[in-house]
Amino acid sequence: MTAGDPSRDRLRTEVVREEFADASDAAIVVAIARYRQEALAEAYRRHAGAVFGLARRLLADQTMAEEVVQEVFLRLWNDPGRFDPERGTLRSYLLAQTHGRSVDVLRSEGARRQREEREARQTAEGGYDLELEVWDMAAAAKVREALSELSLQERLAIELAYFGGFTYREVAERLGEPEGTVKSRIRSGLRRLRVELVAAGVTVGGAS
Amino acid sequence: MSPMRRTDELDELLGAFALDAVDDEERRDVERYLATNARARAEVQDHREVATLLAFSGGAAPDGLWDRIVGSLDAIAPAPGPELAKVLPMAPARRRRGRVAAYAGGAVAAAAVVVLGVVAVQRGNELDDLRGEIASTTVQEGFGQAMADPASAKFVLQSPDGSVSAQAAVEPNGIGFLAAGDLAALPDDRTYQLWGISGDTVISLGVLGSRPEVLTFTVAGPLDALAITEEVAGGVPVSEQSPALVGQLT
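In this text the structure is predicted, and so the values were computed from the model without any measurement. (Residues numbered from 1 in each chain as written. Chains lettered and ligands numbered in written order. Predicted model: local features only at pLDDT ≥ 70, side-chain atom pairs only at ≥ 80, totals over all residues. Heavy atoms only, no water.)

1. Focus: the overall build of chain B
Then, number 1: Within chain B, the secondary structure is distributed over 7 helices and 8 strands.
Then, number 2: Excluding contacts between residues fewer than 6 apart, the proportion of contacts in chain B whose partners are at least 24 apart in sequence is 66%. (Helix = DSSP H or I, 4+ residues; strand = E, 2+ residues; numbered from the N terminus. Contact = heavy atoms within 4.5 Å.)

This is the structure we're talking about:
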């Protein structure tokens, strides 16, 4: 085999994949801190789909979502020390970063209006189902069931805040509810969701 | 924290905070609250883990996106790659060790290549968010314990004129702590970089960021000296700079 030989590259890829395939979040991030691009690739392989899915759902724009994904993984590369494996999974860390960055973009001037225009157009075309898009995972049924245990007002408050990127004040305005009520519903709803998910046997948290 | 915002009001904000659904002022207040309240931190983490499940989408990321990310890595750090954290070969190291090792001076020729197995635990540390603040508290405690441990290897690093200093301690298990809060802040496109010197070998122990405070690093072999240089953001595999600080094992 010669340098640049595709078969050698494939072999190397397989070896690296095996090296990190069973690695914990913490081990992957430590390897990233050692400038191991293969470790970043493994983090990307595991989580990029979820990161992109959340960014796209929030922004409703492929290009902006891709930019957010790029930012999130570059941040992990440049500053892996921010991830603390004792405080949650790498996925929740990456998704929290993704959500925060997407909300920043969304709250920037004009972005939300453009999103609403896109959503209206996509809804009119009948090819964009926000509800169904989220549930593509093994525990989807249990998560859906847990959500159904919430009151409609709790569920709306959480969905508008999380997927809409609205502040609780904006959610209150949209729902015509007092701000304090919405604030409490978001908190109580999240707590109840956790209880329901744990009771249903869904693993919530814990480093992989 | 706003003097008008009571603890129970801050607690009520935790759910919205976890979903990024608070305004900037509230976010700052909650972050300060979390820095001193472990129960509240745990609650926010619980909320975020639940949100993770809501967010999950089983789709794949678009084709070509990974290639763009890799391209950006190269643009940020021209030559780090996996080799940065490894011992440099003896001959190139001697040829290219540059001014870091020269200043450290007195380092005897290595009898053998020392495999340090260095882990740069923290790079580019911008302690500007909650995680950083919490982590720094733990690292501060670790630094104090390492300095108090008689079995730790201690280093006092000083600038050439003696006006700036830093302290480091490496515990017998290879965990090192560096307190470098006296270093002047650098522009965002510059970084401090920590180097370990063992015999004739100089190795990067990690990029410290532009405003280092207390940091950790890990080594798996003995060190004769430590040095800190100022480099371009992202760090370099081999430094040609004079060290800003250097210190031998005490």
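2. Points about the overall build of chain A
Then, number 1: A tally of helices and strands in chain A yields 11 helices and 0 strands.
Then, number 2: Of the regular secondary structure in chain A, the N- to C-terminal order runs α-α-α-α-α-α-α-α-α-α-α.
Then, number 3: Looking at chain A as a whole, 50% of its 208 residues are labelled buried.
Then, number 4: Across chain A, the fraction of contacts at a sequence separation of at least 24, relative to all contacts at a separation of at least 6, is 63%. (Buried < 20%, exposed > 50% of the residue type's maximum accessible area, 1.4 Å probe, protein only.)

3. Regarding the pairing of strand β7 (residues 225–232) of chain B
Residues and elements named next belong to chain B.
Then, number 1: With 6 of 8 residues buried, β7 lies mostly within the body of the structure.
Then, number 2: Here β7 runs beside strand β8 (residues 245–248); their pairing, made up of 4 bridges, is antiparallel. The partner of A225 across the bridge, within β8, is Q248. (Pairing = 2+ DSSP bridges.)

4. Brief notes about the pattern of salt bridges
Then, number 1: Tallying each qualifying case throughout the model produces 27 salt bridges over all chains.
Then, number 2: Notably, a salt bridge pairs E12 of chain B with R187 of chain A, separated by 3.0 Å at the nearest N-O pair. Linking E12 of chain B in helix α1 (residues 7–18) with R187 of chain A in helix α11 (residues 179–199), this pair reaches from one chain into another.
Then, number 3: Note that R39 of chain B is salt-bridged to E43 of chain B, the shortest N-O span being 3.6 Å. (Salt bridge = Lys/Arg side-chain N within 4 Å of Asp/Glu carboxyl O.)

5. Observations regarding the confidence of the model for chain B
Any residue range with low pLDDT should be treated as having predicted coordinates unsuitable for detailed reading.
All names here are of chain B.
Then, number 1: Averaged over every residue, the pLDDT of chain B is 72; residues scoring 70 or more account for 70%.
Then, number 2: By mean pLDDT, the top-scoring element of chain B is α1 (93), and the lowest-scoring one is helix α5 (residues 90–96) (28).
Then, number 3: This model gives residues 77–134 a pLDDT under 50, and the stretch forms 150 contacts once residues within four places in sequence are excluded.
Then, number 4: The ipTM assigned to the predicted complex is 0.77, against a pTM of 0.56. (pLDDT = per-residue confidence, 0-100.)

6. A few points about the packing of aromatic side chains
Then, number 1: The final tally for this structure, using the stated rule, is 4 aromatic pairs over all chains.
Then, number 2: Measuring from ring centre to ring centre gives 5.2 Å for Y44 of chain A and F73 of chain A, while their planes differ by 65°; the resulting arrangement is edge-to-face. A residue pair is termed long-range when its members are at least 10 positions apart, and Y44 of chain A in helix α3 (residues 37–59) and F73 of chain A in helix α4 (residues 62–78) qualify at 29 residues. F73 of chain A carries the same exposure label as Y44 of chain A, and that label is buried.
Then, number 3: Ring centres of F83 of chain A and Y93 of chain A lie 5.6 Å apart, and the angle between their planes is 55°; this geometry places the pair in the tilted category. Of the two residues, F83 of chain A sits in the loop between α4 and α5 (90–107) while Y93 of chain A sits in helix α5, which places them 10 residues apart along the sequence.
Then, number 4: Note on F83 of chain A: relative accessible area 6%, which makes it buried.
Then, number 5: Through successive ring pairs, a cluster of aromatic residues spans Y44 and F73 of chain A together with W66 of chain B.
Then, number 6: We note R57 of chain A situated over the ring of F163 of chain A; from NZ or CZ to the ring centre the distance is 3.7 Å. (Phe/Tyr/Trp six-rings, centres within 6.5 Å; stacked < 30°, edge-to-face > 60°. Lys NZ or Arg CZ within 6 Å of the ring centre and 35° of its normal.)

7. Observations concerning the environment of L156 of chain A
Then, number 1: Locating L156 of chain A in the fold gives a position in helix α9 (residues 152–162).
Then, number 2: Along the chain, L156 of chain A and R185 of chain A lie 29 residues apart, while their C-alpha atoms are 9.4 Å from each other.

8. A closer look at the nonpolar core
Then, number 1: In this structure, F73, L76 and I186 of chain A together with L19 of chain B are the most contacted members of the largest nonpolar core, which totals 79 residues.
Then, number 2: Residues contacting L76 of chain A, with those up to four places away along its chain left out, are V29, I32, L40, A43, L90, Y93 and L94 of chain A.
Then, number 3: Counting residues in each nonpolar core, the second largest holds 21 residues, with L157, L186, L223 and I228 of chain B among its members. (Core = buried A, V, L, I, M, F, W, Y, C linked by side-chain atoms within 4.5 Å.)

9. Focus: the confidence of the model for chain A
Residue and element names in this part refer to chain A.
Then, number 1: Scored by pLDDT, chain A comes out at a mean of 78, with 73% of its residues at no less than 70.
Then, number 2: Across chain A, helix α10 (residues 168–175) holds the top mean pLDDT of 94, while helix α7 (residues 130–133) sits lowest at 42.
Then, number 3: A low-confidence stretch, residues 1–16 stays under pLDDT 50, and its non-local contacts, those more than four residues away or across chains, total 7 contacts.
Then, number 4: Every residue in residues 121–136 scores below 50 in pLDDT, and together they form 25 contacts with partners more than four places removed in sequence or on other chains.

10. So, the packing of α4 of chain A against α5 of chain A
Residue and element names in this part refer to chain A.
Then, number 1: The interhelical angle for the contact between α4 and α5, taken along N-to-C directions, is 130°, at an axis separation of 10 Å. One element, α4, and the other, α5, form an angle in the oblique class. You can see that α4 and α5 cross each other, and the crossing is right-handed. On the side of α4, the interface is formed by M64, V68, E71, V72, F73, R75 and L76, while α5 contributes L90, Y93, L94, Q97, T98, R101, S102 and V105.
Then, number 2: A per-class count over the contact of α4 with α5 returns 9 nonpolar, 3 polar and 3 charged. (Axes fitted to C-alpha atoms, helices over the stretch in contact; angles between N-to-C directions. Parallel < 35°, antiparallel > 145°, perpendicular 65-115°, else oblique. Left-handed = near helix turned anticlockwise from the far one by under 90°. Nonpolar A, V, L, I, M, F, W, Y, C, P; charged D, E, K, R; others polar.)

11. Concerning the environment of T250 of chain B
Then, number 1: The topology assignment puts T250 of chain B in the segment after β8.
Then, number 2: In contact with T250 of chain B, other than residues within four places in its own chain, are K154, F155 and V156 of chain B.

12. So, α4 of chain A
All names here are of chain A.
Then, number 1: Under the 1.5 Å per step criterion, the end-to-end length of α4 is 24 Å for 17 residues, consistent within 8% with the ideal 24 Å.
Then, number 2: Listed as buried for α4 are M64, A65, E66, V68, V69, Q70, V72, F73, L74, L76 and W77.
Then, number 3: Between a side-chain oxygen at the N-terminus of α4 and the backbone nitrogen of T63 the separation is 3.1 Å; the capping residue is D61. (Expected span 1.5 Å × (residues − 1). Polar contact = N/O pair within 3.5 Å; in protein donor to acceptor, adjacent residues only side chain to side chain.)

13. Notes on unusual backbone geometry
Then, number 1: Positive phi is not limited to glycine here, since A60 of chain A has a value of about 50°.
Then, number 2: Here A60 of chain A is to be found in the loop between α3 and α4.
Then, number 3: The residue D20 of chain B is not glycine, and still its phi comes out positive at about 60°.

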